[in-house]
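Residue-level listing of the chains:
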Amino acid sequence: MNKIVIAIDGYSGCGKSSTAKEVAKKLGFTYIDSGAMYRATALHFLNENLSPLRAEDVEKGLKGLQISFQFNPTTSQQETYLNGVNVEDEIRTMRISERVSEVATVKAIRTALVAQQQQLGQKKGVVMDGRDIGSVVFPEAELKLFMTADVETRAQRRQLELLAKGEQASLEEIKLNLESRDEVDSNRTESPLLKVSDAIEIDTSSLTFSEQVEQIIDLVKKVTLN
Ligand code: CDP
């Protein structure tokens, strides 16, 4: 299989990360969760009591920010580290979901994270998911996908994910968070979430997880055969 870049963008909670992870595993590619980097940044700003909306706080926050990923052989998952500390579970909580989109509006923060994402993907053979991967991070990606799903389905899936990690949140609360992040992410000035013209749309509302994965693998085969 040729080493290509697969860019997956789309709305909050439509299964991008879990799908991207499985596609990467099947292809022997590296998976990079760009959303985890924004989430870790939001956690860092909260921990340090810094406001992403104050320029001097942003400068200070970025100076003390180091994000990395490490594979955990026990869980067979790649986990997110913030300044050397494993924050994989903490960044998935509603507390961070409620803050992350504001942090992601800030130009200096995006510039820093995009540079790291481009560096992580420079050897190709990567699947990266986020909001601006096909538009800004890898505009030359060989395969660009735009995933969607209706908000009820997304909220139900996210509720199950949270429950599996021991967090209880109501469907209404989750739905409001997904809708408000979609709104902020789509309307911000810096790299808004959008479907680029060369992206293929996949609506996952009525697809099973394995159908989603297979659809993408078929698209990869088509791209790499050409
Ligand atoms: O998993 P979920 O769909 O809930 O979100 P995520 O991919 O973890 O991303 C969390 C938030 O980070 C998004 O709502 C965006 O505000 C921001 N984000 C972004 O702006 N650009 C990216 N490339 C990835 C995430």
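Residues numbered from 1 in each chain as written. Predicted model: local features only at pLDDT ≥ 70, side-chain atom pairs only at ≥ 80, totals over all residues. Heavy atoms only, no water.

A. Molecular detail of the pattern of salt bridges. Counted under the stated rule, the structure contains 15 salt bridges. The residue R154 makes a salt bridge to D182 at a minimum N-O spacing of 3.0 Å. Linking R154 in helix α7 (residues 151–164) with D182 in helix α8 (residues 171–187), this pair joins segments that are 28 residues apart in sequence. Both residues of the pair, R154 and D182, count as buried. A salt bridge links R158 to E161, with the shortest nitrogen-to-oxygen separation between them at 2.9 Å. (Salt bridge = Lys/Arg side-chain N within 4 Å of Asp/Glu carboxyl O. Helix = DSSP H or I, 4+ residues; strand = E, 2+ residues; numbered from the N terminus. Buried < 20%, exposed > 50% of the residue type's maximum accessible area, 1.4 Å probe, protein only.)

B. Structural detail: the packing of helix α4 (residues 94–103) against α8. At their nearest, the axes of α4 and α8 sit 9 Å apart, and the two run at 20° to each other. With respect to α8, the axis of α4 lies roughly parallel. As α4 packs across α8, the resulting crossing turns out to be left-handed. For the pair α4 and α8, the contacting residues are M94, S97, E98, V100 and S101 in the first and E173, I174, N177, R181, V184 and D185 in the second. (Axes fitted to C-alpha atoms, helices over the stretch in contact; angles between N-to-C directions. Parallel < 35°, antiparallel > 145°, perpendicular 65-115°, else oblique. Left-handed = near helix turned anticlockwise from the far one by under 90°. Contact = heavy atoms within 4.5 Å.)

C. View of the site of the ligand. If you check the shell around the ligand, you find 19 residues, and the closest are G13, R39, R110, R158 and D185. One nitrogen or oxygen atom from the side chain of R131 is found 3.1 Å from an oxygen atom belonging to the ligand. Per-element accounting of the shell around the ligand gives the leading share, 4 residues, to helix α2 (residues 34–47). For the shell around the ligand, a count of residues per class yields 4 nonpolar, 6 polar and 9 charged. (Near = heavy atom within 4 Å. Polar contact = N/O pair within 3.5 Å; in protein donor to acceptor, adjacent residues only side chain to side chain. Nonpolar A, V, L, I, M, F, W, Y, C, P; charged D, E, K, R; others polar.)

D. A look at the nonpolar core. Grouped together as the largest cluster of nonpolar side chains are 32 residues, with contacts concentrated most on I109, L113 and F138. Among the secondary structure elements, those contributing two or more residues to this core are β1 (5–10), α2, β3 (67–72), α4, α5 (107–120), β6 (126–130) and α6 (133–137). It is α2 that provides the largest number of residues to this core, a total of 7 residues. Here F138 is in contact with V5, Q117, Q118, G121, M128, I133 and K144, once residues within four sequence places are set aside. Counting residues in hydrophobic clusters, the runner-up holds 22 residues, among them I8, V23, Y31 and V127. (Core = buried A, V, L, I, M, F, W, Y, C linked by side-chain atoms within 4.5 Å.)

E. Looking closely at the sheet that holds β6. The strand order across the open sheet formed by 5 strands is β2-β6-β1-β7-β8, and the pairing between neighbours is parallel. At either end of the open sheet lies a strand with only one pairing partner, and these are β2 (30–33) and β8 (200–203). Looking at each pair of strands side by side, their axes are set apart by 20° on average, direction ignored. Of the pairings in the sheet, the one linking β1 to strand β7 (residues 143–148) comprises 5 bridges and is parallel in character. In the sheet register, I8 faces β7, and the bridge partner there is L145. Seen against the sheet, α2 touches β2 and β6 and runs at an angle of roughly 40° to β2. Packing against the sheet, helix α9 (residues 209–225) makes contact with β1, β7 and β8, and its axis sits at approximately 160° to β7. (Pairing = 2+ DSSP bridges.)

F. Inspection of empty space enclosed by the protein at higher detail. Going through the model one piece at a time under the given rule, you end up with 1 cavity of 30 Å³ or more. In this structure, the largest cavity spans a volume of roughly 50 Å³. Listing elements by their share of the lining of the largest cavity, those giving two or more residues are β1, α6 and β7. (1 Å grid on protein atoms, 1.4 Å probe; cavity = no way out; pocket = protein on both sides within 12 Å on 5 of 7 lines; lining within 4 Å. Points joined across faces, edges and corners; volume = space filled by probe spheres on them.)

G. Summary view of the sheet that holds strand β4 (residues 77–82). If you walk across this open sheet you meet the 3 strands as β3-β4-β5, and the pairing is antiparallel. If you trace the sheet from one side to the other, it starts and ends with β3 and β5 (85–86), each paired once. Note that β4 and β5 share 2 bridges and pair antiparallel. Bridge pairing links L82 to V85 in β5. Helix-sheet contacts for α2 involve β3 and β4, and the interaxial angle to β4 is about 30°.

H. Representation of the packing of aromatic side chains. Going through the model one piece at a time under the given rule, you end up with 1 aromatic pair. Summarising the aromatic geometry, the rings of Y11 and F146 are spaced 5.6 Å apart at their centres and angled 85° between planes, so their arrangement reads as edge-to-face. Of this pair, Y11 sits in the loop between β1 and α1 (16–27) while F146 sits in strand β7, placing them 135 residues apart in sequence. Note on F146: relative accessible area 5%, which makes it buried. (Phe/Tyr/Trp six-rings, centres within 6.5 Å; stacked < 30°, edge-to-face > 60°.)

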